[in-house]
Structure formats: structure tokens, C-alpha cells
Amino acid sequence: MLLLLCSGLAGQTLFQSPEEGWQLYTSAQAPDGKCICTAVIPAQSTCSRDGRSRELRQLMEKVQNVSQSMEVLELRTYRDLQYVRGMETLMRSLDARLRAADGSLSAKSFQELKDRMTELLPLSSVLDQYKADTRTIVRLREEVRNLSGSLAAIQEEMGAYGYEDLQQRVMALEARLHACAQKLGCGKLTGVSNPITVRAMGSRFGSWMTDTMAPSADSRVWYMDGYYKGRRVLEFRTLGDFIKGQNFIQHLLPQPWAGTGHVVYNGSLFYNKYQSNVVVKYHFRSRSVLVQRSLPGAGYNNTFPYSWGGFSDMDFMVDESGLWAVYTTNQNAGNIVVSRLDPHTLEVMRSWDTGYPKRSAGEAFMICGVLYVTNSHLAGAKVYFAYFTNTSSYEYTDVPFHNQYSHISMLDYNPRERALYTWNNGHQVLYNVTLFHVISTSGDP
């Protein structure tokens, strides 16, 4: 029996069979709600008698990965395009109301409609950009198709003619795809999906995560049970292995951790050392601490935790722009402080006082330089507050957040997969997020 888990993690390897040579990927969620999965089965008769054939196989795999990413981009663009078209219809409706109203509306009602129209006007340029992106993706898909055909012909002949030229085309295509993904990947949070339970494992409190900087082929999962004095970190080879509870290695940290706000970033674990305000950077490959540093004035040992307690004074996060620390100090009167950290030295590069009391927050996460805060860790929670570091401003939000198991003790965003990882009362749960992004056109400032 083959078990499929569709979690909406773009290009994520879920299961792998070394004996049969197949891999199962998730792709994305289609606009009609269906989950699209892709099984990749490499040819069993591929010749490997020399180094050139291995290079060709690797190039074929690269094209396959680009194709999968293209599918994800196409689905996301289609979804966003439908959303913006709906907003365009609303804008036209408001415009018609304004034209038909003439002098029949009160001055106040007329001004309100006019202000609403002004807010919606930028959507026209956004719609044009989405249409252009859609055409770009169609062209890129055609390039991938042509390139795949050329590579297949070369592999069949086992020759090397045109190999360097094809390699350059693949690199250029990857660069264009990366630029397109970066443009589509960031934006303002407008929705959180229903929860997807990956596994029920461990105690009531803990954390689990993947490396936000790892290539798509690296799907290792790290698992840390408990919220204080723990030292044992389990590293699973793939998400599929984590689901099955097999194929893992154990790391024993030199210093115990506090809380559940850990994060894995570029091969290292960042965590709060127990009974201190010290940040520890532990490198998995060398099994050693690369650097540790105190966060100036940061509270610890349940001085300023989230509403659920659990020594959650310090919370580390990663988004599209890098490494962050969320904590508070006596000087900030218990309000949440957001600090951008240098991942190499752990020095604070810049800090923001959000004005939001940390003890009133259920949990928090960063997306695109914006701190989002939930108003509770219990059932009925919602994303209630957003702080924008680029403008040093905030707003209150109302994004529903289904807390299925009634007690969240860890919540983190993974920018590589555009998903939220949560630990909910002993369950490891995923949420997909919907981001709305306004793309500046070439004529904009």
C-alpha cells in the first residue's frame, strides 16, 4: 500500500525508495482544491559507464526540478490572477455606482465610495503584472520542454555534442525561474489553510522544523521534544521517514535548551540556552557550537514568555530576508521586541519595539519582514496583530486560524515551503498560507 500525504509543500520529497529508484513529490494545490502529486521514476537502464553520462543525468534531474517548480508557479499565478480579477470586478462596480450616483448620495457616502475607489486603483497595474507573469511562465514551460527533448536525445546517443551550451541554457532558465519565484513568493498574509496533521508524536510541548536554506532535494526534519532542559535532537532523513518514525540520527547538544522557539537555518540550529538569555548556534555536520552570544537585556526563565508559558521568552525565526529573534526586555515594559540577527556572529543588526505585550500573545511568526502575532494559544485563536519592520508600523488583523488540538506551543513559518509548522498538543501540524503581494511596475517609484 502506498500512502500519499499532500501538504502543499512545493517540490518537497515525501517518500523515496532506494531499492526501486522512485521518488514521490508534492507539487501544489490546484484552484479547484485538488492536490497534485508527482511521482518521478528514473529510467532503470541508464548507462553510467563514464563521467559524462552522470553529468547528463544530473542535468536531466535539474530540468525535472525546474519543471516541477514551474507547475507550482503556474498554479499560484492562476490562483492569484483569479483573486485579482475578482477585485477588478469590485472596482468596476464601485466605479459604476459612483457614475450612477451623481448627486443622489450624501457628501459623506460619496466621499466614502471615492476613498474606496482610490484604495482599489493600484489593482489595475497588479492585474497587468499577473497577466505578464502568466505569459512568461508559458514561455518558460516551452523552453523546459524543448530542453528536455534535447537532453533526452543526447542521452540516447550517449554523446556530448552541445552539452556546454545546454548547461548554460539550464543555468539561465534557473535564474529566471528564481527571479519569478522571488517576485511571487512575498506578500501580505491574507489567509491560513485548514491544518494538515503530519504526525502525533511526543509530549504536549515541543518543536519540529526543516532547514529553510536547504536545496529542495534536502527534506530532512529535526525534532525536539519538550520545552526545557532538553538536549536530544532527532534528525530524520526525509519527511516520509519522520512520518514513519524511521531512519534518524541523534544529536546531543552541549547545552540544554529553553522554550520551543528553535530554528534550523543553513545547516545550524539556533536556540536559547536554558536559564540564560544566550543564543547558541549549533552546527549539525561538525556537531559543535560555532558561536554563542547574549541578547542584550532579553528576559529569560519565564520572565516574558508567550501566554502559554513554557520558558518561551526567546523565539527565533527565519523568513525571506534572514534570521530574527523575538523577545522582550524590562526597558520595553514587556512589549515584543523584534531583532534582526547576523547569522554568523549573532550580533543584533537592528531592533524594533512593536508595542504589543508579549504575555498577551499566543505565538508569533515572521513572513517577508512582517511579524504576525496570534491572540491566543488555545482554541478560537486568530492572527490578530501585524508589525511591519520596513515601515516601523503596525495594524490589527483578523485572519482565522484553526487550532485543531487546542494548545499550540510552537509556530514557525518556512519561506522555502510557504507553510507554517506547528506543535499542537503533541501533534505535528502544517498550514499553508495565502499571501497577497502588490508588484511594482517598471514605471513605479
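Residues numbered from 1 in each chain as written. Predicted model: local features only at pLDDT ≥ 70, side-chain atom pairs only at ≥ 80, totals over all residues. Heavy atoms only, no water.

Please give an account of the overall build of the protein chain that cites residues and values.
Of the regular secondary structure elements, the protein chain holds five helices and 23 strands. Partitioning the contacts of the protein chain with sequence separation of at least 6, the portion at a separation of at least 24 is 55%. Working note: accessible area of the protein chain is about 20900 Å², and carbon and sulfur atoms make up 49% of it. (Helix = DSSP H or I, 4+ residues; strand = E, 2+ residues; numbered from the N terminus. Contact = heavy atoms within 4.5 Å. Areas by Shrake-Rupley, 256 points an atom, 1.4 Å probe, with all protein chains shown as cover.)

An account of the sheet that holds strand β6 (residues 206-209) is requested, with residue identities and associated values reported.
Two orientations exist for strands paired in a sheet by backbone hydrogen bonds: parallel and antiparallel. Pairing is antiparallel across the open sheet formed by seven strands, whose spatial order is β6-β7-β8-β9-β10-β11-β12. Looking at the sheet topology across the chains shown, the edges are occupied by β6 and β12 (288-294). Sheet twist, expressed as the average angle between the axes of neighbouring strands with direction ignored, equals 30 degrees. (Pairing = 2+ DSSP bridges. Axes fitted to C-alpha atoms, helices over the stretch in contact; angles between N-to-C directions.)

So, the packing of aromatic side chains: which residues are in play, and what are the values?
Here the distance between the centres and the angle between the planes together describe a pair of aromatic rings. Tallied over the entire structure, the rule returns 25 aromatic pairs. With centroids separated by 4.5 Å and ring planes inclined at 50 degrees, the aromatic side chains of Trp208 and Tyr421 adopt a geometry described as tilted. With Trp208 in strand β6 and Tyr421 in strand β22 (residues 419-424), this residue pair connects regions lying 213 residues apart in the sequence. For the residue pair Trp208 and Tyr421, the accessibility class agrees, reading buried in each case. Taking 6.0 Å as the distance between ring centres and 50 degrees as the angle between the ring planes, the aromatic pair formed by Tyr223 and Phe242 counts as tilted. Remark: Phe242 occurs in helix α5 (residues 239-244) and Tyr223 occurs in strand β7 (residues 221-225); sequence separation between them is 19 residues. A relative accessible area of 4% places Tyr223 in the buried class. The rings of Trp208, Tyr223, Phe236, Phe242, Phe248, Tyr421 and Trp423 are connected pair by pair, giving a single aromatic cluster. Sitting over the face of the ring of Phe242, Arg199 holds its NZ or CZ atom 5.8 Å from the ring centroid. Here Lys358 stacks its cationic end above the ring of Tyr306, 3.9 Å away from the centre of that ring. (Phe/Tyr/Trp six-rings, centres within 6.5 Å; stacked < 30°, edge-to-face > 60°. Buried < 20%, exposed > 50% of the residue type's maximum accessible area, 1.4 Å probe, protein only. Lys NZ or Arg CZ within 6 Å of the ring centre and 35° of its normal.)

Got a sec to walk through the side chain of Asp211? Specific residues and values, please.
Structurally, Asp211 can be placed in the loop between β6 and β7. Within the buried set, Asp211 has no salt-bridge partner at all; the shortest N-O distance to an opposite charge, 5.0 Å, is to Arg220. A polar contact is formed between the side chain of Asp211 and the backbone nitrogen of Asn266, at a distance of 2.8 Å. Within the structure, the side chain of Asp211 is placed 2.7 Å from the backbone nitrogen of Gly267, a separation counted as a polar contact. (Lys, Arg positive; Asp, Glu negative; His and termini not counted. Salt bridge = Lys/Arg side-chain N within 4 Å of Asp/Glu carboxyl O. Polar contact = N/O pair within 3.5 Å; in protein donor to acceptor, adjacent residues only side chain to side chain.)

Lay out unusual backbone geometry in plain terms, naming residues and giving numbers.
One non-glycine residue with positive phi stands out, namely Asn302, at about 65 degrees. Mapped onto the elements of the fold, Asn302 is located in the loop between β12 and β13 (315-319). Residue Asn302 is classed as partly exposed on the basis of its relative accessible area of 29%. Here the phi dihedral of Ser406 falls at roughly 75 degrees; this positive angle occurs in a residue that is not glycine. Structurally, Ser406 is set in the loop between β20 (393-400) and β21 (408-414). By relative accessible area, which is 34% here, Ser406 ends up partly exposed.

Outline the sheet that holds strand β19 (residues 382-388), supporting the account with residue identities and numerical values.
Pairing is antiparallel in the open sheet, where four strands are placed in the order β17-β18-β19-β20. Edge strands, defined here as strands with exactly one partner in the open sheet, are β17 (364-367) and β20. Sheet twist, expressed as the average angle between the axes of neighbouring strands with direction ignored, equals 25 degrees.

How would you summarise the environment of Ser193 if you had to cite specific residues and measurements?
For Ser193, the location among the structural elements is in the loop between β4 (188-192) and β5 (196-200). Classification of Ser193 by relative accessible area gives partly exposed; the value is 24%. Each C-alpha atom of the pair Ser193 and Pro400 lies 8.9 Å from the other, and the pair is 207 residues apart in sequence. Beyond its immediate stretch of four places on either side in the chain, Ser193 contacts Tyr431 and Asn432.

Residue-level account of the pairing of β22, with values.
Counting buried positions along β22 gives six out of six residues, so the element sits mostly inside the fold. Across the two faces of β22 the burial is the same, with Ala419, Tyr421 and Trp423 and Leu420, Thr422 and Asn424 all buried. When β21 meets β22, the two strands line up antiparallel, connected through six bridges. Considered in β22, the bridge of Met410 is made with Trp423. Linkage of β21 to β22, two consecutive antiparallel strands, is achieved through a turn of four residues, within which Arg418 is found at a positive phi near 50 degrees.

Outline a nonpolar patch on the surface, supporting the account with residue identities and numerical values.
Taken together, the side chains of Tyr384, Tyr394 and Tyr396 define a hydrophobic patch exposed on the protein surface, amounting to about 340 Å² of accessible area. Position of Tyr394 among the secondary structure elements: in strand β20. (Patch = residues over 30% accessible without salt bridge, like charges linked within 9 Å, V, L, I, M, F, W, Y side chains within 5 Å.)

Now, about the pattern of salt bridges: what can you tell me, with residues and values included?
Considering all chains together, one arrives at seven salt bridges under this definition. A salt bridge links Arg220 to Glu235; the nearest nitrogen and oxygen atoms lie 3.3 Å apart. Of the two residues, Arg220 is situated in the loop between β6 and β7 and Glu235 in strand β8 (residues 228-236); the sequence distance between them amounts to 15 residues. Note on Arg220: relative accessible area 26%, which makes it partly exposed. The exposure class assigned to Glu235 is buried, which follows from its relative accessible area of 11%. Salt-bridge contacts for Glu347 lead to Arg293; the nearest nitrogen and oxygen are separated by 3.7 Å. Taken together, the residues Glu347 in the loop between β15 (335-341) and β16 (348-357) and Arg293 in strand β12 connect sequence positions 54 residues apart. Here the salt bridges share partners, and the residues they tie into one network are Asp218, Arg220 and Glu235.

Tell me about the confidence of the model for the protein chain, and name the residues and values.
Taken as a whole, the protein chain shows an average pLDDT of 79; of its residues, 67% reach a score of 70 or greater. Here residues 1-31 is a poorly scored stretch, pLDDT under 50, and it has 93 contacts once near neighbours within four places are set aside; other chains count. Between residues 439-445, whose pLDDT stays under 50, and residues either more than four places distant or in other chains, the model counts eight contacts. (pLDDT = per-residue confidence, 0-100.)

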